[in-house]
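# Commentary on secondary and tertiary structure
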Amino acid sequence: MVQTAPRKLAVIGAGNMGNAIAILFVAHGWQAVLIDPSDSSREKSRERLFAALPQSASLLSWEAGLEAAHDAGLIIEAAPENLSLKQEIFTRLEAVCVPDAVIASNTSGISINQLASVLKHPKRFLGTHFFTPADVIPLVEVIACEHTLPTHCDHIMAVLREVGKLPVLVRKDIPGFIGNRLQHALAREAMSLLEKGVASAEDIDTVAKWALGIRLAITGPLEQRDINGLDVHHAITEYLYPDLENRQTPLPLLSNKVGQGHLGVKSGKGFYDWTTPERKAALKEKDATLRQLVELLGGRQAASGG
Ligand SMILES: NC(=O)c1ccc[n+]([C@@H]2O[C@H](COP(=O)([O-])OP(=O)(O)OC[C@H]3O[C@@H](n4cnc5c(N)ncnc54)[C@H](O)[C@@H]3O)[C@@H](O)[C@H]2O)c1
């Protein structure tokens, strides 16, 4: 059982995900230190967290060096998605953290076994894949590496439930885990439809949101197949599967946009123009709307087993 430095979290990487993960834990009474070598990331993080948690300043701290993780019982790495960078962080972390600290990576899909391969003590290492915004979306995928002690998995699942999350154990360390495999299959098909000129970006997204998305919140893809009838589904797969997008490299539509610097919200333009007042307003309201939806659908109750 993990007992040292309980309820002290070290977050490695104070970017988008690291900040939201810290907000979640601190809102549940944990102490958190955010570790990031970038002065500007730490500064932005301070601003965001003070605004989100005005009453909790005493539970928060920011540091540049990994030594600050020395007494944390739980360490969640949310540094950039780069295998060698993450492995270097884990090697250095092992030298400073307490022996019974649990070390988790928020990688979007890099193999947990590959990340763990540099560790001397991989039995306390696992993946905790949060979905953005991490302080709002209930689900977290928990992925063990081949050496992770089951007690550490149980402990992390319990901790995640305690902070209001709905953890799911991914039984195989497979690229993209579950969520990103499903998400990327849908996104690849959506981009393919746009590339083929089947419909506009707005119309493709409207179908995804108002036909599939709204139903997906209530019935998952397997439940929905049972409801529709497996015989019906089987008949459709016979003519549809051969026609679905299955290219193995990024679609030219996507590569061209990235090549032109059209990266989406962060550059102002992607499939949409994010600089218009309407889109800016929608983006500003997005997290609050998602939070209302989670409340309405009872995601929090699901997380606590209610
Ligand atoms: N953005 C998402 O939607 C999302 C969702 C799930 C998982 N993830 C994963 O979470 C991780 C972080 O993603 P993000 O979107 O927060 O990225 P981000 O770019 O917003 O933040 C990364 C932070 O890491 C810091 N950093 C760089 N080198 C570091 C080092 N050596 N030590 C500590 N910090 C360092 C950067 O200064 C930056 O503040 C990635 O692995 C990503 O794949 C992202």
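## A look at the site of the ligand
Surrounding the ligand, one finds 24 residues, the nearest of these being Asp 36, Ser 41, Glu 81, Lys 86 and Ser 108. Here Glu 81 contributes a side-chain N or O atom positioned 2.5 Å from an oxygen atom of the ligand. A distance of 3.0 Å separates an oxygen atom of the ligand from a polar side-chain atom of Asn 106. The fraction of the free accessible surface of the ligand (830 Å²) that becomes covered by protein chains is 74%. If you list the elements that add at least two residues to the shell around the ligand, you get helix 1 (16–27), helix 3 (83–96) and strand 6 (125–130). By residue number, the principal contributor to the shell around the ligand is helix 3, which donates 3 residues. Classifying every residue of the shell around the ligand by side-chain character gives 11 nonpolar, 10 polar and 3 charged.

## A word on the packing of aromatic side chains
The final tally for this structure, using the stated rule, is 4 aromatic pairs. Look at Phe 50 and Trp 62: their rings are 5.3 Å apart centre to centre, the planes differ by 75°, and that puts the pair in the edge-to-face class. With a gap of 12 residues between them, Phe 50 in helix 2 (residues 39–52) and Trp 62 in strand 3 (residues 60–63) connect regions that are remote in the sequence. On the basis of relative accessibility, which here comes to 36%, the residue Phe 50 falls in the partly exposed class. The exposure class of Trp 62 is buried, given its relative accessible area of 9%. Over the ring of Tyr 272 we find Arg 279, and its NZ or CZ is 4.1 Å from the ring centre. Across from the ring centre of Trp 274, 4.9 Å away, lies the NZ or CZ of Arg 279, which sits over that ring.

## Here's the deal with the domain arrangement of the chain
Domain parsing of the chain yields domain 1 (8–170), domain 2 (181–257) and domain 3 (261–296). Placing the centre of domain 1 and that of domain 3 at their C-alpha centroids yields a distance of 26 Å. Taken together, the contact pairs 5 residues of domain 1 with 5 residues of domain 3. Note on domain 1 versus domain 3: buried area summed over both sides is about 400 Å², and carbon and sulfur give 71% of it.

## What about the sheet that holds strand 5 (residues 102–105)?
Strand pairing in a sheet takes place through backbone hydrogen bonds and is either antiparallel or parallel in direction. Taking strand neighbours across the sheet as the criterion, the 8 strands line up as 3-2-1-4-5-6-7-8 in an open arrangement whose pairing is mixed. Strands with a single pairing partner mark the edges of an open sheet, and in this sheet they are strand 3 and strand 8 (166–170). Sheet twist, expressed as the mean angle between neighbouring strand axes with direction ignored, is 25°. Pairing of strand 6 with strand 7 (residues 139–144) involves 5 bridges; the strand directions are antiparallel. Residue pairing in the sheet places Phe 130 in a bridge with Val 140 of strand 7.

Definitions and cut-offs
Every chain begins its residue count from 1, and numbering advances along the sequence as written. In keeping with the predicted nature of the model, local features appear solely for residues at pLDDT of at least 70, side-chain atom pairs appear and are counted solely at 80 or more, and the whole-chain, interface and lining totals rest on all residues. Side-chain measures were taken over the full set of non-hydrogen atoms in the model, leaving aside hydrogen atoms and water. One heavy atom within 4 Å of a molecule or strand is enough for the residue carrying it to be called near that molecule or strand. As used in this structure description, the phrase polar contact means that two N or O atoms lie within 3.5 Å; if the pair is within protein, one of them must be able to donate a hydrogen and the other to accept it, and residues adjacent in sequence are counted only when both atoms belong to side chains. Here the accessible surface of atoms and residues is derived via Shrake-Rupley with a 1.4 Å probe, and residues count as covered only by protein chains that are part of the display. Numbered from the N terminus, helices here are DSSP runs of H or I no shorter than four residues, and strands are runs of E no shorter than two. Charged means Asp, Glu, Lys or Arg here, nonpolar means Ala, Val, Leu, Ile, Met, Phe, Trp, Tyr, Cys or Pro, and polar covers whatever is left, Gly included. Two rings from Phe, Tyr or Trp (for Trp, the six-membered ring) form a pair when their centres sit within 6.5 Å of each other. Planes less than 30 degrees apart are called stacked, planes more than 60 degrees apart edge-to-face, and all others tilted. For each residue, the accessible area found with a 1.4 Å probe, counting protein chains only, is set against the maximum for its type, and the residue is called buried under 20%, exposed over 50%, and partly exposed in between. Here, a charge over a ring is recorded when the distance from Lys NZ or Arg CZ to the ring centre is within 6 Å and its angle to the ring normal is within 35 degrees. Segment limits for the domains were obtained from an automatic or database-derived domain assignment. Contact criterion: two residues are considered in contact whenever any of their non-hydrogen atoms come within 4.5 Å of each other. Accessible surface is computed with a 1.4 Å probe, and the buried area is the amount of it that two parts give up when combined, taken over both parts together. Here, any two strands with at least 2 DSSP bridges between them count as paired. Only the stretch in contact is used when fitting a helix axis, every axis being a line fitted to C-alpha atoms; angles between N-to-C directions are given from 0 to 180 degrees.

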